[in-house]
Amino acid sequence: MRYNFDLSEPREADDADDGGRQSATPTSASTPKEELEWLPLQNHPVFCAPSRDGAAHSSNFTMPKNLFAWDGASRLYFWDSYKSCLHRLSVRLGEPDRTSVLAASPSKVLQADMQLDFEVQRISINRNGSALFLVGLDGLYVMYLYGRTSTKENTVICRTVSVGSEIYFDKNNSIRTLQVCWHPYSDTHLGILSSDSVFRVYDLSSALGQPEQEYYLQPVEPGSSHNATSICPVDFSFGGDHLWDRFSVFVLFSDGSVYILCPVVPFGSVYKWESILELYSDAHVFGLKSSNSKAVKNSNLAISWLEATFPELARKEVHAENASVLRAQPYALFDASISLQGPLRKVSHGVEEDSVHPPVCEGRAVSFLYDLVSKDSIVVTAWSGGQLQIDALADEVQPVWKVGSPPRVCLDSTDSIVGLAMICESLSSDTSISKLDLPPDHTLWLGHPPPLLRLAIVDLALPRRSGSVILMFVDPLISERIYCLHNGGIDSVVLHFLPFTNQSSGKEDMMRSPSVHPVLSTFQGEASSASPLCGFLALSDSFGDSWIVGLTPSSECIVLEMETWNTLVPPIIDKVDKLRDSEGPKDTDIPTIISKELLTGPRVVLLPPSSPHLRSVAADSIEGRSTLHQYFKLFHENYVEYAHKVYFELQHHAPHVKKIIDDQHSRLHKAQQKILEVERKQEKIEDRIEHAVQFHSKLEERLQSLRHLPAAHKRSLSKAEREFKSELDRYRGVELDALRSSIEAVNARLKRFTHSPQANRSNEQRQLSVRRKSHVQENEMSLLKASLEKLSLVNSENAKKVKVVESALKCREIGTS
């Protein structure tokens, strides 16, 4: 049975939300509304509730919390764990000051129409802002954000439904959800990766209990033996708006290996016409015209899949003017299943690498992020040791199928596909090492997974015993910036080198390592005293301003403004200084306040050639007048015009000179204030230095005493011992969990079998057989008892006869004697 739900319900008329773009005074309506008060977000009453440390740490969970969500425009959502409700806040970014973030008070309270009996640990909103999912260790629910108004003041009752309860949250089942994400090209589809190595896609507009698509991940080839670290999934991410990446799902396993599923398309998802047409023409140009038969075969499969999924491509009368977007139709190849491409290997120049990740990454992989930056597809893997492995796809992702492995398809009464499931295995040819020096004919449409180009390995310098689970977010304004949320706070990582983007723009910059900046620290000296944030958001507006919002375990809100304008500016000052030093000393450029022509003065007046009889010429004669005219002309050209230039330029530069003088005065005043402040703090600094020297001497004394302890003379572990210890740590963190989950799954299957009708029938048959056997044994026992009684009677009679015989013998003996 299929249920059709409309996720784009109209907003309620009494919503006091103005989207952050109108006046603070509410508009007139038929019913009176409470006047809104705009407060700084960090001072909003919903974040000023009593301490909720008990609610924040009520359970020992491993899933990191994020109780914030943003619709990308003007509404911020906050899940209140203390009251079990959702707050909707209307926000204004950059008003009235560019650095401020205002929120409307009171907030709109959204209440679920059912009792949620689990702890919510993460929320996320869909693309159009109509639904939001609430996920925890014991439940996954979707709340539709536009419901009916309650009798309570400022409260809206929202329809809430459970998703996947029969698979993930059954009491007789131990399958856990590892990651839940909205699909970027659909408002009704959820992607869920679970601990049973299955990736499922749910359609909220149809049956919520059963998935629309199921992909059983088999990264290990049949017949090969691997440890459990290579078959336990950890995280996944959907691809971005780039060629076949929009149909790809990137899956991370606990040993750091990355696999790709392509193509994965939710039924009814929407894509741009130009994007699909680009893929269609690319398959025709580079695939069908290839000299390799394998490339032709793979491109034919891709073309047939595109034509069936998007039927408009095969119609010649459909053009881009008629259809701007295309809707994906349900389709699957009936004789082939999607291949699990991977593991992705690092690209090399003829040198093969055996390991998937370098030994500098400690622990196990904990999270994954896909980031599309211009023409580069960036993948980031976070490790439990506090390292980030940043790679770029050195080639394009292409679809790969395994022919001869048909999927399982579910059809309705009209023979339309309503669900599918398939086993995704890793092909043996996918493990080949790719090289940069190979021509395109040797790599295009041959089924090879795209190799990885290593950009950098970033160490966040987290404490060894912090046990941090790192979450990564992309800045909505600057895609080159990645925020890392961990137990120690928030760090910002900015990418300065993008291979394909720099190459396409004509830049010849050398490879620069990313810059790492700590944004917020929650450590208080020791790892045990760290308090991880329970919420994180990255906000941005259309004017180029950016903010980050954090939520502490005590429900305190933190708002920080982030710099955006100078984030990607390369440091060229050092290069310029080096060039100047190498070329030798040169004149420094002084800003021109007065031009050089005015500083040199007027030109020297050269008198016109005059005859020796000039003094005898009368002034009122023709020759005298011409001579005076020449003198006046020279004087006007040199002195009068120069005076006008001086007057004009001085008048023009007077405000500029005044501004420079005022700036110098202000800088002088600030310098004097800083000098006075330094003089005031000098005594404190001297006291701190003296205290530090004393503390240093005490530490030296303690160090000398500790050196005499027996443990100080222990030999450090060797390289092989350290590698063996790291392998044991990975087994302890992964294989034990895998064994426990498998044992729990077997126990759950046993319980289900014991409660099933077949088991009941078998138990009844066993009981009947036992009863029959017991009845037979009772009959045999009765017969045995009767025979024993008869034997006892015979024995008693024989005993009497023996006594009679003995008495007779005794009598004879007496008579004869």
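Residues numbered from 1 in each chain as written. Predicted model: local features only at pLDDT ≥ 70, side-chain atom pairs only at ≥ 80, totals over all residues. Heavy atoms only, no water.

As annotated in an unreviewed UniProt entry, the protein chain carries the name Nuclear pore complex protein NUP88 isoform X1 and comes from Nicotiana tabacum.

Peer 1: It is not clear to me how the overall build of the protein chain should be interpreted in this structure. Could you clarify?
Peer 2: When you go through the protein chain residue by residue, the secondary structure sums to nine helices and 37 strands. Every one of the 817 residues in the protein chain was classed for burial, and the buried ones make up 41%. Of the roughly 48100 Å² of accessible surface on the protein chain, a fraction of 55% belongs to carbon and sulfur atoms. (Helix = DSSP H or I, 4+ residues; strand = E, 2+ residues; numbered from the N terminus. Buried < 20%, exposed > 50% of the residue type's maximum accessible area, 1.4 Å probe, protein only. Areas by Shrake-Rupley, 256 points an atom, 1.4 Å probe, with all protein chains shown as cover.)

Peer 1: Explain the pattern of salt bridges here, please?
Peer 2: Pairing is possible between side chains that carry opposite charge, provided their charged atoms lie close to one another. Under the criterion given, the structure shown has 12 salt bridges. A salt bridge links aspartate 196 to arginine 200, with the nearest nitrogen and oxygen atoms 3.2 Å apart. We note a salt bridge from aspartate 241 to arginine 246, for which the minimum N-O separation is 2.5 Å. Taking relative accessible area as the criterion, aspartate 241 reaches 37% and is therefore assigned partly exposed. (Salt bridge = Lys/Arg side-chain N within 4 Å of Asp/Glu carboxyl O.)

Peer 1: Even after reading the chapter, I still don't get helix H2 (residues 273-288), so can you show me in this structure?
Peer 2: Owing to its 3.6 residues per turn, the α-helix brings residues three or four apart onto one side. When the terminal C-alpha atoms of H2 are compared, their 22 Å separation across 16 residues agrees well with the 22 Å that a helix rising 1.5 Å per residue should span. Buried within H2 we find Trp273, Ser275, Ile276, Leu279, Tyr280, Ala283 and Gly287. Against strand S20 (270-272), helix H3 (293-309) and strand S21 (325-327) lie the buried residues of H2. (Expected span 1.5 Å × (residues − 1). Contact = heavy atoms within 4.5 Å.)

Peer 1: I tried to follow the packing of aromatic side chains on my own but got confused; where do I start?
Peer 2: In this description, a pair of aromatic rings is defined by centroid distance and the angle of the planes. Going through the model one piece at a time under the given rule, you end up with 25 aromatic pairs. On the numbers, 5.8 Å between centres and 40° between planes, the contact of phenylalanine 133 with tryptophan 182 is tilted. You can see phenylalanine 133 sitting in strand S8 (residues 131-136) and its partner tryptophan 182 sitting in strand S13 (residues 177-182), a full 49 residues away along the chain. Across the pair, tryptophan 182 and phenylalanine 133 agree in class, each one buried. Note that arginine 92 overlies the ring of tryptophan 38, its terminal NZ or CZ placed 4.0 Å from the centroid. (Phe/Tyr/Trp six-rings, centres within 6.5 Å; stacked < 30°, edge-to-face > 60°. Lys NZ or Arg CZ within 6 Å of the ring centre and 35° of its normal.)

Peer 1: Teacher, can you tell me more about the nonpolar core here?
Peer 2: Within soluble globular proteins, side chains that are nonpolar generally end up buried alongside one another. Judged by nonpolar contacts, the single largest core of 62 residues is most densely connected at Phe199, Tyr215, Trp244, Phe247, Leu261, Leu306 and Phe310. Element by element, the count of residues in this core is highest for H3, at six residues. Here leucine 306 is in contact with Trp244, Ile276, Leu279, Tyr280 and Leu313, once residues within four sequence places are set aside. Membership of the second largest hydrophobic core comes to 39 residues, among which are Phe47, Leu86, Leu134 and Val559. (Core = buried A, V, L, I, M, F, W, Y, C linked by side-chain atoms within 4.5 Å.)

Peer 1: Would you mind showing me how to read the sheet that holds strand S36 (residues 546-551) here?
Peer 2: Pairing between the strands of a sheet comes from backbone hydrogen bonds, and it takes one of two forms, parallel or antiparallel. With respect to topology, three strands assemble into an open sheet ordered S35-S36-S37, the strand pairing being antiparallel. Two strands bound the open sheet, and with one partner strand each, they are strand S35 (535-540) and strand S37 (557-562). Ignoring strand direction, the axes of neighbouring strands in this sheet form an average angle of 20°. Across six bridges, the pairing between S36 and S37 is antiparallel. Paired with serine 546 across the two strands is methionine 562, which belongs to S37. (Pairing = 2+ DSSP bridges. Axes fitted to C-alpha atoms, helices over the stretch in contact; angles between N-to-C directions.)

Peer 1: Got a minute to help me understand the sheet that holds strand S31 (residues 471-474) in this structure?
Peer 2: Read from one edge of the open sheet, four strands run S31-S32-S33-S34, paired in antiparallel fashion. Each end of this open sheet is capped by a strand with a single partner; those strands are S31 and strand S34 (515-521). Neighbouring strand axes in the sheet, compared pairwise and without regard to direction, differ in orientation by 25° on average. Pairing analysis gives four bridges linking S31 to strand S32 (residues 481-486), with the strands arranged antiparallel. Its bridge partner being in S32, phenylalanine 473 is matched across the sheet by tyrosine 483.

Peer 1: Just to check I follow, could you spell out a negative patch on the surface for this structure?
Peer 2: A cluster of like negative charges, contributed by Glu683, Glu686, Asp687 and Glu690, occupies part of the molecular surface. In this structure, glutamate 690 sits in helix H7 (residues 622-707). For glutamate 690, a relative accessible area of 47% corresponds to the partly exposed category. (Patch = residues over 30% accessible without salt bridge, like charges linked within 9 Å, V, L, I, M, F, W, Y side chains within 5 Å. Lys, Arg positive; Asp, Glu negative; His and termini not counted. Charge placed at Lys NZ, Arg CZ, Asp CG, Glu CD.)

Peer 1: Help me understand the side chain of threonine 552, please; the structure alone is not making it clear to me.
Peer 2: The topology assignment puts threonine 552 in the loop between S36 and S37. In terms of polar contacts, threonine 552 uses its side chain to reach the backbone amide nitrogen of glutamate 556, at 3.0 Å. Residues within four places of threonine 552 in sequence aside, it is in contact with Leu533, Cys534 and Ile558. (Polar contact = N/O pair within 3.5 Å; in protein donor to acceptor, adjacent residues only side chain to side chain.)

Peer 1: Please explain the packing of H2 against H3 as it appears in this structure.
Peer 2: A pair of packed helices can be characterised by two numbers: the angle between their axes and the separation between those axes. It is the contact of H2 with H3, at a shortest axis distance of 9 Å, that shows an interaxial angle of 155°. Our classification of the angle between H2 and H3 gives roughly antiparallel. By crossing handedness, the relation of H2 to H3 is classed as left-handed. On the side of H2, the interface is formed by Ile276, Leu279, Tyr280, Ala283, His284, Gly287 and Leu288, while H3 contributes Ala295, Val296, Ser299, Asn300, Ile303, Leu306 and Glu307. Within the contact of H2 with H3, the residues separate by chemical class into nine nonpolar, four polar and one charged. (Parallel < 35°, antiparallel > 145°, perpendicular 65-115°, else oblique. Left-handed = near helix turned anticlockwise from the far one by under 90°. Nonpolar A, V, L, I, M, F, W, Y, C, P; charged D, E, K, R; others polar.)

Peer 1: Help me understand the side chain of serine 107, please; the structure alone is not making it clear to me.
Peer 2: Looking at where serine 107 falls in the secondary structure, it is placed in the loop between strand S5 (101-105) and strand S6 (108-112). Given the relative accessible area of 7%, serine 107 is considered buried. Polar contacts involving the side chain of serine 107 include one to the side chain of histidine 87, which spans 3.2 Å. When neighbours within four sequence positions are excluded, serine 107 is seen to be in contact with His44, Val46, His87, Arg88, Leu89 and Asn154.

Peer 1: Is there a simple way to explain the pairing of strand S3 (residues 75-80) in this structure?
Peer 2: Within a regular beta strand, the side chains point alternately toward one face of the sheet and then the other, so they alternate between its two faces. By the criterion of burial, S3 is predominantly enclosed, with six of the six residues buried. Both faces of S3 are covered, namely the face carrying Arg75, Tyr77 and Trp79 and the face carrying Leu76, Phe78 and Asp80. Bridge count for strand S2 (residues 68-70) against S3 is three bridges, and the pairing is antiparallel. Counterpart to alanine 69 in the pairing with S3 is tyrosine 77. In this structure, the hairpin formed by S2 and S3 is closed by a connection of four residues, where glycine 72 is found at a positive phi of approximately 85°. By the bridge criterion, six bridges tie S3 to strand S4 (residues 85-93) in an arrangement that is antiparallel. Bridge pairing links tyrosine 77 to arginine 88 in S4.

Peer 1: In this structure, what is going on with a nonpolar patch on the surface? I would like to understand it.
Peer 2: Among the surface-exposed residues, Met781, Leu784, Leu788 and Leu791 lie close enough to one another that they form a single nonpolar patch of about 390 Å² accessible area. With respect to the element layout, methionine 781 can be found in helix H9 (residues 757-816).

Peer 1: I would appreciate a short explanation of unusual backbone geometry in the present structure.
Peer 2: Glycine aside, residues mostly have negative phi, and peptide bonds are mostly found in the trans state. The residue after cysteine 262, namely proline 263, is reached through a cis peptide bond having omega 5°. Note the cis peptide between glycine 342 and proline 343, where omega equals 0°. Along the chain, proline 343 falls in the loop between strand S23 (340-341) and strand S24 (365-373). We note that tryptophan 445 has phi near 55°; this positive angle belongs to a residue other than glycine. Residue classification places tryptophan 445 among the buried residues on the basis of a relative accessible area of 1%.

Peer 1: What is the right way to read the environment of proline 406 from this model?
Peer 2: Mapping proline 406 onto the fold places it in the loop between strand S27 (401-403) and strand S28 (408-411). Residues proline 406 and phenylalanine 334 lie 72 residues apart in sequence; the distance between their C-alpha atoms is 5.5 Å. If we ignore the near neighbours within four places in the chain, the residues touching proline 406 are Phe334, Asp335, Ala336 and Ser337.

Peer 1: I'm lost on the pairing of S4 in this one. Help?
Peer 2: Among the nine residues that make up S4, nine are buried, leaving the element largely enclosed by the rest of the structure. Connecting S3 to the antiparallel partner S4 that follows it, the hairpin turn spans four residues, and serine 84 within it adopts a positive phi of roughly 55°. The pairing of S4 with S6 spans three bridges and is classified as antiparallel. Opposite histidine 87, over in S6, you have valine 109 as the bridge partner. The pairing of S4 with S5 spans three bridges and is classified as antiparallel. Considered in S5, the bridge of leucine 93 is made with valine 101.

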